[in-house]
Amino acid sequence: MLKIGDSLFELLSEALGLKSNYLKEMGCAEGVNVVYNYYPACPQPELTLGTTQHADIGFISVLVQDDVGGLQVLHKDHWVDVPPMADGLVINIANLLQVMSNDNFTSVKHRVLVKNAGPRVSIIAFFGVGFTLGSRIYGPIEELLSEENPPRYKKTTIQDFVAQSYRQGLNGISFLDMLKLTKD
Ligand SMILES: O=C(O)CCC(=O)C(=O)O
Ligand SMILES: [Fe+2]
């Protein structure tokens, strides 16, 4: 998983016009929190959700889902199915990378429906949540800023970012919005 992270952060650095090891040098690929989700089959799936809508907190999330399905992403105000793909990985941009990219990348809102079929299992590697970078300060990357592109967010530590984001819960005003310096 850490090797996949290395490659992804190289590609993401290049996509931002930065040298390929830029995000790795900022510690983005240094650690992962791996979470297993178990969704039992639901007799009345229309009455509930497996996971309510949210964007992930850290840099990126790498997700594997089994063939039951149910993951959806919000695209142009519509929920779009992310169909299970054998051996396929889903890569989600998370909120802190949106901050660092100064909105060049946008974190993806997603949710999980439950089904009659199941159980469903997913495995997610969260890069940037709950490891040793806690006190390091992150904000919009200096190289991406100019007079025409001023910083759109305040700086924060990962510790604060994660703690405040969890405090917010899955709904309500996100900590991302609280860090915003500019109004859209
Ligand atoms: O189970 C899934 O496919 C996604 C769960 C999720 O979004 C999360 O744990 O952050
Ligand atoms: Fe998520």
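Residues numbered from 1 in each chain as written. Chains lettered and ligands numbered in written order. Predicted model: local features only at pLDDT ≥ 70, side-chain atom pairs only at ≥ 80, totals over all residues. Heavy atoms only, no water.

- In the nomenclature of an unreviewed UniProt entry, the protein corresponds to Fe2OG dioxygenase domain-containing protein from the organism Linum tenue.

1. Here's the deal with a nonpolar patch on the surface
Okay, step 1: Nonpolar side chains collect at one region of the surface, where Met1, Ile4, Val34, Tyr36, Tyr38, Val64, Leu89, Ile91, Val121 and Ile123 lie side by side and expose about 870 Å² of accessible area between them.
Okay, step 2: Residue assignment for the nonpolar patch shows that the elements contributing at least two residues are strand 1 (32-39) and strand 8 (120-127).
Okay, step 3: As for its position among the elements, Tyr38 is in strand 1.
Okay, step 4: The exposed category is assigned to Tyr38, whose relative accessible area is 57%. (Patch = residues over 30% accessible without salt bridge, like charges linked within 9 Å, V, L, I, M, F, W, Y side chains within 5 Å. Areas by Shrake-Rupley, 256 points an atom, 1.4 Å probe, with all protein chains shown as cover. Salt bridge = Lys/Arg side-chain N within 4 Å of Asp/Glu carboxyl O. Helix = DSSP H or I, 4+ residues; strand = E, 2+ residues; numbered from the N terminus. Buried < 20%, exposed > 50% of the residue type's maximum accessible area, 1.4 Å probe, protein only.)

2. Some details on the confidence of the model for the protein
Okay, step 1: Averaged over the protein, the pLDDT score is 91; the fraction of residues at 70 or greater is 94%.
Okay, step 2: Predicted complex, confidence summary: ipTM 0.98, pTM 0.93. (pLDDT = per-residue confidence, 0-100.)

3. As for the pattern of salt bridges
Okay, step 1: Within this structure, the stated rule accounts for five salt bridges.
Okay, step 2: Between Arg152 and Asp103 there is a salt bridge; the shortest N-O distance is 2.5 Å. Highlighted residues: Arg152 in the loop between strand 9 (137-138) and strand 10 (156-157) and Asp103 in the loop between helix 3 (95-100) and strand 7 (110-112), separated in sequence by 49 residues.
Okay, step 3: The class of Asp103 is partly exposed, set by a relative accessible area of 24%.
Okay, step 4: Lys155 is paired through a salt bridge with Glu142; the nearest N and O atoms lie 3.9 Å apart. Here the residue Lys155 occupies a position in the loop between strand 9 and strand 10, and Glu142 occupies one in the loop between strand 9 and strand 10, the gap between them amounting to 13 residues.
Okay, step 5: Residue class for Lys155 comes out exposed when judged on its relative accessible area of 56%.

4. Things to note about the sheet that holds strand 5 (residues 78-81)
Okay, step 1: Strand order in the open sheet formed by four strands is 2-7-4-5, with antiparallel pairing between adjacent strands. The sheet is open, and its two edges are formed by strand 2 (51-54) and strand 5, each paired on a single side. When strand polarity is set aside, the average angle formed by the axes of neighbouring strands in this sheet is 25°.
Okay, step 2: Pairing analysis gives two bridges linking strand 2 to strand 7, with the strands arranged antiparallel. Among the inter-strand pairings, Thr51 is bridged to a residue of strand 7, identified as Val112. (Pairing = 2+ DSSP bridges. Axes fitted to C-alpha atoms, helices over the stretch in contact; angles between N-to-C directions.)

5. Here's the deal with the side chain of Asn102
Okay, step 1: Position of Asn102 relative to the elements: it lies in the loop between helix 3 and strand 7.
Okay, step 2: On the accessibility criterion, Asn102 (7% relative accessible area) is buried.

6. Topic: the site of ligand 1
Okay, step 1: Surrounding ligand 1, one finds Asn37, Tyr39, His54, Asp56, Leu63, Leu71, His110, Val112, Arg120, Ser122, Ile124 and Phe126.
Okay, step 2: Contact between ligand 1 and Asp56: an oxygen atom at 3.2 Å from a side-chain N or O atom of the residue.
Okay, step 3: In the model, an oxygen atom of ligand 1 is placed 2.6 Å from a nitrogen or oxygen of the Ser122 side chain.
Okay, step 4: Listed by contribution, the elements that provide at least two residues to the shell around ligand 1 are strand 1, strand 7 and strand 8.
Okay, step 5: The dominant element in the shell around ligand 1, judged by the number of residues it contributes, is strand 8, at four residues.
Okay, step 6: Here the shell around ligand 1 is built from residues that sort into six nonpolar, four polar and two charged. (Near = heavy atom within 4 Å. Polar contact = N/O pair within 3.5 Å; in protein donor to acceptor, adjacent residues only side chain to side chain. Nonpolar A, V, L, I, M, F, W, Y, C, P; charged D, E, K, R; others polar.)

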